[in-house]
Structures are given as C-alpha cells and as structure tokens.
Amino acid sequence: MGFHRSPSRCSEVIDVAVNNDSISRGPVDQQSQNEGFRLRAKDMKTARMESTGPRRLIACHECGSVHAIAGLPVDRVAHCRTCDSPLTSGKRSEPESLLAIYLAAAVLVVVAHSFPIMGLDIQGKTQTATLVTGPAMLIQQGMWPLGLLVVIVVSVIPSLRILSNILILGPITIGRRPWAGAWLMRLGGSLKPWSMMEIMLLGLIVAYVKLIDLASVQLGLSLYAFVGVILLLLLADLITEPAVIWDKIRARPPLSLAAGQPLLACHACGQVDVAPAGAQHGVACSRCGASLHRRKPNSLARTWALLLAATIFYIPANLLPVMTVTYLGNSEPDTILSGVKSLLAAGMFPVALLVFFASILVPVLKLCGLVWLLLSVQFKSRQRLRQRTKIYRIIEGVGRWSMVDIFMISILVALVELGALARIDPGPGALAFAAVVILTMLGSASFDPKLMWDVEEDGRERTRNWRV
C-alpha cells in the first residue's frame with residue numbers, strides 16, 4: 001500500500017493490479033519507493049483508520065495512473081502518487097446547502113444585471129454603466145467579437161452554470177434523479193474555465209483606480225450583488241466534490257476486470273471502463289455517455305497550431321493601441337505597455353504590477369511554457385516529469401486571468417462616453433490581445449499531459465492496467 005501525506009492532507013492511494021475480476025494491492029515499483037511515497041510505519045496505522053468505506057477506481061487525468069481509493073475524511077484530499085495531482089476529496093457536498101447557495105446566486109445575478117454597476121461624474125456630466133453596457137458599446141463601435149466575448153464569459157456562462165446546478169440539485173434534494181443530469185453535469189464542468197466573473201471584478205477595480213483621480217466615481221448596487229455572486233460561487237466550489245454529485249445522479253456501473261485488459265477513464269464523470277480491443281478513442285462512457293479517449297486526438301498538432309496563431313496575434317496585441325483616450329479634444333492612443341507606464345507614473349504601483357503580470361508576463365510565460373512541454377514530449381524527455389506536470393497545471397489555471405485588460409476596457413468604454421468632453425474608444429490591439437488569451441487557453445486545453453508520462457512508461461516495463 002502506498003501513501004502520500006503532508007501536514008494538511010492525507011490520501012490513501014493503492015496501485016491497481018488486476019487478477020480474477022478483483023482489485024488487489026499491487027506491487028509498488030522501485031522508483032516510487034525511492035521517491036518517498038510511503039509513510040513511515042507509525043503513520044500507516046493512522047492513515048488506515050482515517051480511510052474508510054469501499055474502494056473505488058480513480059484515474060489521474062494528468063498522468064493516467066489508476067488508483068483504488070477508500071472513503072476519505074471531510075478534511076482530506078487524495079493526491080496521485082505518481083504526479084501529485086489532486087484526485088478526489090472527502091467533501092460531503094450536501095445537496096440542500098448547495099441548492100440554497102445557487103438559488104441565492106441566481107437572485108443576485110438578476111440584481112447584478114438590473115442596476116448600474118458604476119457611475120462617473122466629470123464636470124457635472126454623468127454616465128452610468130451596467131454589466132451589459134460595455135459589451136453593447138463595443139458591438140456598436142464595430143468590436144462585436146470583443147463585445148460578444150465579454151457578455152458570454154461574464155454573463156451568459158456564469159448564468160448557465162448556476163441554472164444547470166439548480167436543475168441538478170433541485171430533484172436530488174427531494175430524492176429524485178434529475179432530468180438530463182449527466183448532460184447538465186458535463187455542461188457545467190466544461191463551462192467552468194470560461195466563467196470569468198472574478199476576473200471581471202479585477203477589471204472593474206483597475207478601471208476604478210484609473211478613473212478615481214480624474215473624476216468622481218460612484219459604485220452602484222449591482223457591484224455589491226456582483227461580488228455576492230462571486231463569493232457564493234466560490235463557496236459552492238469549495239464545498240463541492242463532483243464525484244459525490246455524480247454518484248447521486250447515476251451510480252458507477254459495475255466493472256468486470258480481467259488480467260491484461262486496457263482501461264479508459266472518463267474526464268467528465270471519472271468512470272473507469274474497460275477499453276474494447278484496439279479502441280483508443282470514440283468509446284461512450286458507460287456512466288454519462290461522454291466520448292472516451294485514451295489520449296486527446298491530435299493533441300500535439302492542435303496545440304502547436306494554436307500556439308503559432310497565438311504568437312502571431314501577440315505581436316499586434318502589444319504594438320497596436322488597445323484603446324484611445326480623448327479628453328478635451330486631445331486623443332492619445334494607449335498600448336498595454338504604455339498603460340503600465342502611466343500607472344507607474346501616477347504612483348499606482350500595485351495596480352501597475354498587477355496589469356504587467358496579467359497582461360504581459362502571463363501570456364509570454366504561458367506560450368514559452370507550452371512550447372517547452374511540447375518539445376519535451378517530442379524529444380521524449382523523462383526528466384522532471386512531476387515538475388512539468390505541475391507547470392502544466394499552473395499554465396492551465398492562470399491563463400484566463402489575462403482577460404483583466406479586456407474587461408477593464410469594456411467598463412471604461414461604457415463609462416467614459418461624454419461627447420466632446422471625454423471618451424474612450426477600443427483599439428485593434430484589444431481584439432488581438434483577446435485572441436491571444438483565448439488561443440492560449442484552447443492550446444493548454446488541447447495539450448494532453450499524459451503524453452509526458454507515456455515517454456516514462458515506454459522506458460520501463462509496467463503493468464498496462466496501472467494507467468489509462
């Protein structure tokens with residue numbers, strides 16, 4: 001039995017060996033022993049006492065290792081013994097509590113879209129903006145792709161996430177199976193990375209800091225409702241373990257295993273299925289119906305193509321103005337870098353650092369990081385696999401935060417529309433920069449981190465059933 005334990009978490013992770021349709025504790029390879037994945041003898045008794053209940057198969061989505069994990073205490077998280085990625089947790093995910101949270105969030109979403117979120121007063125002229133005013137102004141000024149993008153990731157997708165969870169949790173709380181529950185869960189999971197309300201809030205803060213020295217800025221009722229929605233969704237994510245909800249929607253089908261059979265894992269619901277002979281992808285999940293694949297189809301080619309396109313767009317994104325500021329008849333184009341410089345000149349060092357990190361440093365690091373991961377796979381590198389997996393996890397998580405500049409422009413365009421006195425118009429650089437963010441997000445999603453571990457597996461003899 002192998003364990004990975006830290007002061008703040010405990011996980012019991014058992015390698016899978018298949019024999020006569022049973023799950024048994026398989027041998028631990030020498031590399032795992034050398035890397036220190038076992039507990040000391042005095043800790044193993046404690047870990048056994050903490051892990052209770054039936055064991056279930058869970059496949060790591062980042063390295064493909066398959067584990068049998070027992071029930072965990074509520075404050076524990078199971079991590080993959082191979083790559084240290086989180087697998088599952090002991091969160092109870094009470095449907096009644098989650099339903100109350102999402103219902104409250106639904107009410108606040110309506111409020112957040114019904115009233116002004118921010119107001120501006122310059123020399124007696126006032127202008128207010130709602131969450132949809134900025135996208136509408138962008139569309140009106142010919143930047144319709146940008147306007148649609150903002151309204152989709154700030155308003156449409158978060159609303160769909162809330163609605164889908166209400167439709168799932170409502171029937172569960174009264175002991176019924178939700179209609180189309182599996183499809184709704186898959187929809188919510190796929191939409192989550194594209195829900196960007198918290199990044200919009202950061203854009204609002206940057207816009208407020210830019211305007212506060214030039215005019216009187218009022219915060220509207222919608223802003224407080226908007227913050228409330230963000231906090232409620234964050235709370236829901238913190239107390240939700242998707243595996244628990246999946247088990248309430250549809251129990252895991254029984255799995256009959258025989259020695260030597262390859263396995264496929266569902267990225268949506270976590271079900272581990274036996275792969276038909278010769279099947280690599282296109283098999284339907286026995287639990288939720290999602291299409292299974294051993295590796296993402298054409299992962300390397302698609303990721304290279306998306307990164308190349310992002311690199312091309314990155315050049316105009318930094319050279320062309322992202323917005324043009326007109327004040328008392330004088331127009332001044334503003335690029336991303338000149339915006340950082342103006343913030344530094346105004347003494348707004350924390351905001352300047354934030355914009356520099358999110359809009360300049362993160363895209364460059366993400367492009368370089370993905371190129372490094374791609375090259376490491378193509379050159380069959382076996383070095384620092386765990387570190388590379390963690391880097392991929394970071395790249396996948398932070399890339400979306402580069403949208404802060406786009407959201408800032410959206411609110412500034414809506415607020416600073418005061419005719420000859422002052423106005424802000426979006427520039428072509430904003431469209432190019434949004435393309436960079438979206439393309440790099442798609443690039444990290446198309447890259448399959450299991451390919452890095454395939455190289456490691458090819459160099460050693462390992463039981464095929466240990467990985468999917």
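Note that the coordinates shown come from a computational prediction; the quantities given were computed from them, not determined experimentally.

So, on to the nonpolar core. One finds Phe226 and Phe407 to be the most contacted residues of the largest nonpolar core, which totals 96 residues. When residues no more than four places from it in sequence are discounted, the contact partners of Phe407 are Val150, Val153, Val154, Met196, Ile199, Met200 and Gly203. The next biggest cluster of nonpolar side chains, apart from the first, holds 25 residues, and it includes Leu367, Tyr392, Leu439 and Leu451.

Let us now look at helix 8 (residues 221-239). Spanning 19 residues, helix 8 covers 28 Å between terminal C-alpha atoms, matching the ideal 27 Å at 1.5 Å per step. Inspection of helix 8 places Ser222, Leu223, Ala225, Phe226, Gly228, Val229, Ile230, Leu232, Leu233 and Ala236 among the buried residues, and these make up the whole buried set.

This paragraph deals with empty space enclosed by the protein. The full count for this structure, using the stated rule, is 1 cavity of 30 Å³ or more. Considering the residues around the largest cavity, the lining is formed by 13 residues, among which Lys210, Ile336, Gly339, Asp405 and Met408 are closest to the centre. At the level of elements, helix 7 (197-212), helix 11 (336-345) and helix 14 (404-415) are the ones that each hand at least two residues to the lining of the largest cavity. Broken down by element, the residue count for the lining of the largest cavity peaks at 4 residues, all from helix 11. Its residues assigned to classes, the lining of the largest cavity comprises 8 nonpolar, 2 polar and 3 charged.

Turning to the confidence of the model for the protein chain, a few remarks are in order. Close inspection of predicted coordinates is inappropriate in any region flagged by low pLDDT. Looking at the protein chain, the pLDDT average stands at 81 and 83% of residues meet or exceed 70. Of all the helices and strands in the protein chain, helix 1 (residues 30-34) carries the lowest mean pLDDT, 32, while helix 3 (residues 95-112) carries the highest, 96. Across residues 1-52, where pLDDT falls below 50, the model places 118 contacts with residues more than four positions away in sequence or in other chains. The low-confidence segment residues 461-465 (pLDDT under 50) makes 14 contacts with residues lying over four places distant or belonging to another chain.

All right, on to the packing of helix 5 (residues 144-173) against helix 14 then. Two quantities define a packed helix pair, namely the angle between the helix axes and the distance between the axes. As a packed pair, helix 5 and helix 14 sit with axes 11 Å apart at the nearest point and diverge in direction by 105 degrees. As judged from the angle between their axes, helix 5 and helix 14 are roughly perpendicular. In this structure, helix 5 contributes Leu146, Val150, Val153 and Val154 to the contact, and helix 14 contributes Ile406, Phe407 and Ser410. Its residues assigned to classes, the contact of helix 5 with helix 14 shows 6 nonpolar, 1 polar and no charged.

A separate point is the sheet that holds strand 8 (residues 118-122). With respect to topology, 3 strands assemble into an open sheet ordered 9-8-10, the strand pairing being antiparallel. Only two strands of the sheet have a single neighbouring strand rather than two, namely strand 9 (125-129) and strand 10 (216-219). The mean angle between the axes of side-by-side strands here comes to 15 degrees, regardless of whether they run parallel or antiparallel. Docked against the sheet, helix 7 engages strand 8 and strand 10, running at close to 150 degrees with respect to strand 10.

Turning our eyes to something else, we now look at a nonpolar patch on the surface. A cluster of nonpolar side chains, contributed by Ile139, Trp144, Leu148, Ile152, Val156, Leu160, Leu163 and Leu167, occupies part of the molecular surface with about 690 Å² of accessible area. Along the chain, Val156 falls in helix 5.

Okay, the sheet that holds strand 17 (residues 422-426) next. Strand order in the open sheet formed by 3 strands is 16-15-17, and the pairing between neighbours is antiparallel. The sheet is open, and its two edges are formed by strand 16 (330-334) and strand 17, each paired on a single side. Recorded for the sheet is a direction-independent mean angle of 15 degrees between the axes of neighbouring strands. Summarising the sheet, strand 15 (residues 323-327) and strand 16 pair through 5 bridges and their orientation is antiparallel. Looking at the pairing, Thr324 lines up with Pro333 of strand 16.

This brings us to unusual backbone geometry. Of note in the backbone geometry, Asp84 takes a positive phi value of approximately 75 degrees without being a glycine. For Asp84, the position within the fold is in the loop between strand 6 (77-79) and strand 7 (86-89). Its identity is not glycine, yet Ala180 carries a phi of approximately 55 degrees, on the positive side. Counting through the fold element by element, Ala180 comes out in the loop between helix 5 and helix 6 (181-191).

About the cut-offs
Residues numbered from 1 in each chain as written. Predicted model: local features only at pLDDT ≥ 70, side-chain atom pairs only at ≥ 80, totals over all residues. Heavy atoms only, no water. Core = buried A, V, L, I, M, F, W, Y, C linked by side-chain atoms within 4.5 Å. Buried < 20%, exposed > 50% of the residue type's maximum accessible area, 1.4 Å probe, protein only. Contact = heavy atoms within 4.5 Å. Helix = DSSP H or I, 4+ residues; strand = E, 2+ residues; numbered from the N terminus. Expected span 1.5 Å × (residues − 1). 1 Å grid on protein atoms, 1.4 Å probe; cavity = no way out; pocket = protein on both sides within 12 Å on 5 of 7 lines; lining within 4 Å. Points joined across faces, edges and corners; volume = space filled by probe spheres on them. Nonpolar A, V, L, I, M, F, W, Y, C, P; charged D, E, K, R; others polar. pLDDT = per-residue confidence, 0-100. Axes fitted to C-alpha atoms, helices over the stretch in contact; angles between N-to-C directions. Parallel < 35°, antiparallel > 145°, perpendicular 65-115°, else oblique. Pairing = 2+ DSSP bridges. Patch = residues over 30% accessible without salt bridge, like charges linked within 9 Å, V, L, I, M, F, W, Y side chains within 5 Å. Areas by Shrake-Rupley, 256 points an atom, 1.4 Å probe, with all protein chains shown as cover. Salt bridge = Lys/Arg side-chain N within 4 Å of Asp/Glu carboxyl O.

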